[in-house]
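Listed here are the chains, written in short residue letters.
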Amino acid sequence: MKNDVSKVTPFTRYQMFVVAVLALLQFTIVMDFQIISPLGDMLMKGLRIDTAQFGLLVSSYALGAGVMGVLASAVADRFDRRKFLLFFYTGFMVGTLFCGLSHSYPVLLVARSVTGLFGGVIASISMAIVSDLFALNQRGRVMGYVQMAFSVSQVLGIPAGILIANRWGWNATFLSIVVLAALIWIAIGAGFRPVVEHMRLQTPENVLKRLWRVFSTRSYLLGFVCIAFLTTGGAMMMPFNATFLINNAGVTQEQLPLVYICTGVATIIAMPLIGRLSDRMEKYRLFLIGSSLMIGVVLLFTHLTPVPLWMVIGMNMLMFLGISCGKVPAMALNTAVPAQRDRGSYMSLCASLQQLSNGVGAMVAGLIIVQPGAAEPLRHFNRVGYVVAAMSIVAMLLLWPINRMIRRRG
């Protein structure tokens, strides 16, 4: 089987600046969304809520993002992507600010929904910018660096967020995200050039008609379904990961930052390598390797009982490495599915489906998992592992025809 690229094209200085800023931007988005999981045990006890209510709290962000993603997809390709990004990033900062000012479950639930309405669209705008500014044989590296924001959030963001929450309360964690996001907003406004090439390809098409055309295109539809399955599995695992480690695997609240730091360091080292490897070898093959690793570790991880800390850290590292090794090539392939004139709409719909999948996954996991008491072990977490493995296998099957289609295009 031939490689999907013959050589690696270097980045220009401006491209490197764009990658760095988008990676930092993605860090704030990931940090804002993922911090709910490690703060889960604290929020459930502090707000006196159960697993189903916590699942709804996680889902509120994702469902809001899913709704806005559909609406944004109808007009995403009619605006300068730079201005579009700044608008939604502003809304994200406002929503996160209200999260930091919340002091009850209902208020926090509404604040998370507002944050999701704006924050969930940002990833799709970023991916559209990447697709416009970078060739396909550069996108694996770009995805590696941008997705590395997830790893950095593990090393710096989440441990720092936990420490801030332990010292000043969970509200302070969200307020610190707002401060960092404001600096990134300034960098985008001052340093990004307008991204308008796609606007020259637009036709005077009715918004609803355009939305239906994009959503009903066969190749696009296959990409949508694949992304939905790929996302839902991880969404079922992540919200209850920290709570499971504390109540089932014997990790203490003080040890939790170390678990995330070690996991993040491993993925920070691995992500650029995975991105570069994704540009050098066949992307689908790398996806299969990563997904297979993730399935094996998930099935073991979800059966953990109190074990030594080094074992917990090792399994957590392997699980996240498997997820990264699968996600980077899959997302790089997905950027090649749409035509340029539909790229913004397609990526917005993908982001919307990802967020809806996150919401559905978190809610379903919250209904499957049971915690009889505030300090008792979670029950039925192993069932979540079985569902995640099954959905990952379906994603493997769905990405195969997408890979064939892209290879035929050359």
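Summary of the structure given here. (Residues numbered from 1 in each chain as written. Predicted model: local features only at pLDDT ≥ 70, side-chain atom pairs only at ≥ 80, totals over all residues. Heavy atoms only, no water.)

The next point concerns the overall build of the protein. When its secondary structure is counted, the protein shows 15 helices and zero strands. Counting only residues that meet the buried cut, the protein has 59% of its 410 residues in that class. Long-range contacts, defined as pairs at least 24 residues apart, comprise 86% of the intrachain contacts of the protein with a sequence gap of at least 6. With the model as given, the accessible surface of the protein reaches about 16,200 Å², and the carbon-plus-sulfur share is 70%. (Helix = DSSP H or I, 4+ residues; strand = E, 2+ residues; numbered from the N terminus. Buried < 20%, exposed > 50% of the residue type's maximum accessible area, 1.4 Å probe, protein only. Contact = heavy atoms within 4.5 Å. Areas by Shrake-Rupley, 256 points an atom, 1.4 Å probe, with all protein chains shown as cover.)

This paragraph deals with helix α7 (residues 170-191). Since the α-helix packs 3.6 residues into each turn, any two residues three or four apart lie on the same face. Here α7 is 22 residues long and its end C-alpha atoms lie 33 Å apart, about the 32 Å a rise of 1.5 Å per residue gives. Every buried residue of α7 is accounted for by Trp170, Asn171, Ala172, Thr173, Phe174, Ile177, Val178, Ala181, Ile184 and Ile188. (Expected span 1.5 Å × (residues − 1).)

Now for the nonpolar core. In this structure, Leu43, Phe54, Leu85, Phe88, Phe92, Met237 and Phe301 are the most contacted members of the largest nonpolar core, which totals 111 residues. Met237 has contacts with Val298, Phe301, Thr302, Met319, Phe381, Val384 and Val388, leaving out every residue within four places of it along the chain. Residues Ala270, Ile274, Leu286 and Cys325 belong to the second largest nonpolar core, which totals seven residues. (Core = buried A, V, L, I, M, F, W, Y, C linked by side-chain atoms within 4.5 Å.)

Another aspect to go through is helix α4 (residues 81-100). The first and last C-alpha atoms of α4 sit 29 Å apart over 20 residues, in line with the 28 Å expected at 1.5 Å per residue. Among the 20 residues of α4, 14 are classified as buried, and the element is accordingly described as predominantly covered. Capping the start of α4, Asp80 holds a side-chain oxygen 3.0 Å from the backbone nitrogen of Arg82, two or three residues further along. (Polar contact = N/O pair within 3.5 Å; in protein donor to acceptor, adjacent residues only side chain to side chain.)

Right, let's talk about the packing of helix α1 (residues 13-34) against α7 for a bit. For the pair α1 and α7, the least separation of the axes is 10 Å and the interaxial angle reads 160°. Judged on the interaxial angle alone, α7 and α1 are roughly antiparallel. As for how α1 packs across α7, the hand of that crossing is left-handed. Packed against α1, whose contacting residues are Tyr14, Phe17, Val21, Leu24, Leu25, Phe27, Thr28, Met31 and Asp32, the element α7 presents Thr173, Phe174, Ile177, Leu180, Ala181, Ile184, Ala187, Ile188 and Gly191 at the interface. Per-class residue counts for the contact of α1 with α7 are 14 nonpolar, three polar and one charged. (Axes fitted to C-alpha atoms, helices over the stretch in contact; angles between N-to-C directions. Parallel < 35°, antiparallel > 145°, perpendicular 65-115°, else oblique. Left-handed = near helix turned anticlockwise from the far one by under 90°. Nonpolar A, V, L, I, M, F, W, Y, C, P; charged D, E, K, R; others polar.)

For the structure shown, the criterion picks out one salt bridge. With a closest N to O distance of 3.0 Å, Arg112 and Asp32 form a salt bridge. With Arg112 in helix α5 (residues 105-133) and Asp32 in helix α1, this residue pair connects regions lying 80 residues apart in the sequence. (Salt bridge = Lys/Arg side-chain N within 4 Å of Asp/Glu carboxyl O.)

Now for the packing of aromatic side chains. One pass over the structure, following the stated rule, counts ten aromatic pairs. With 5.9 Å between their ring centres and 70° between their planes, Phe17 and Phe192 make a pair best called edge-to-face. Of this pair, Phe17 sits in helix α1 while Phe192 sits in the loop between α7 and α8 (207-216), and the two are 175 residues apart along the sequence. The class of Phe17 is partly exposed, set by a relative accessible area of 32%. A relative accessible area of 5% means that Phe192 is categorised as buried. The residue whose ring lies beneath Arg193 is Tyr14, and the NZ or CZ to ring-centre distance is 3.8 Å. (Phe/Tyr/Trp six-rings, centres within 6.5 Å; stacked < 30°, edge-to-face > 60°. Lys NZ or Arg CZ within 6 Å of the ring centre and 35° of its normal.)

Turning next to the packing of α4 against α7. Running from N to C, α4 and α7 cross one another at 160°; their axes reach a closest spacing of 8 Å. Here α4 lies roughly antiparallel to α7, going by the angle between them. Of the two elements, α4 crosses α7, and the hand of that crossing is left-handed. On α7, the residues touching Arg82, Leu85, Leu86, Tyr89, Thr90, Phe92, Met93, Thr96, Leu97, Cys99 and Gly100 of α4 are Trp170, Asn171, Phe174, Leu175, Ile177, Val178, Ala181, Ala182, Ile184, Trp185, Ile188 and Gly189.

With respect to the helices and strands, the residue Met311 is situated in helix α13 (residues 309-334). Here Met311 falls in the partly exposed class, since its relative accessible area comes to 28%. Here the alpha-carbon distance between Met311 and Ala249, two residues 62 residues apart in the chain, equals 9.8 Å.

Okay, empty space enclosed by the protein next. The full count for this structure, using the stated rule, is four cavities of 30 Å³ or more. The calculated volume of the largest cavity comes to roughly 1,000 Å³. As for the largest cavity, its lining consists of 50 residues, of which Gln34, Thr231, Lys327, Gln354 and Asn358 are closest to the centre. The element contributing the most residues to the lining of the largest cavity is α13, with nine residues. Surrounding the second largest cavity, Gly223, Cys226, Ile227, Leu230, Ala330, Asn334, Leu399 and Ile402 form its lining. Elements with a minimum of two residues in the lining of the second largest cavity: α9 (218-237), α13 and α15 (381-409). Tallied by class, residues from the lining of the second largest cavity come to six nonpolar, two polar and no charged. (1 Å grid on protein atoms, 1.4 Å probe; cavity = no way out; pocket = protein on both sides within 12 Å on 5 of 7 lines; lining within 4 Å. Points joined across faces, edges and corners; volume = space filled by probe spheres on them.)

In this structure, Ile313 sits in helix α13. As for Ile313 and Tyr260, which are separated by 53 residues in sequence, their C-alpha atoms are 8.2 Å apart. Beyond its immediate sequence surroundings of up to four residues, Ile313 is in contact with Leu258, Val259, Cys262 and Thr263.

For His380, which is not glycine, the phi dihedral falls at a positive 70°. Mapping His380 onto the fold places it in the loop between α14 (343-368) and α15. Judged by its relative accessible area of 29%, His380 falls in the partly exposed class.

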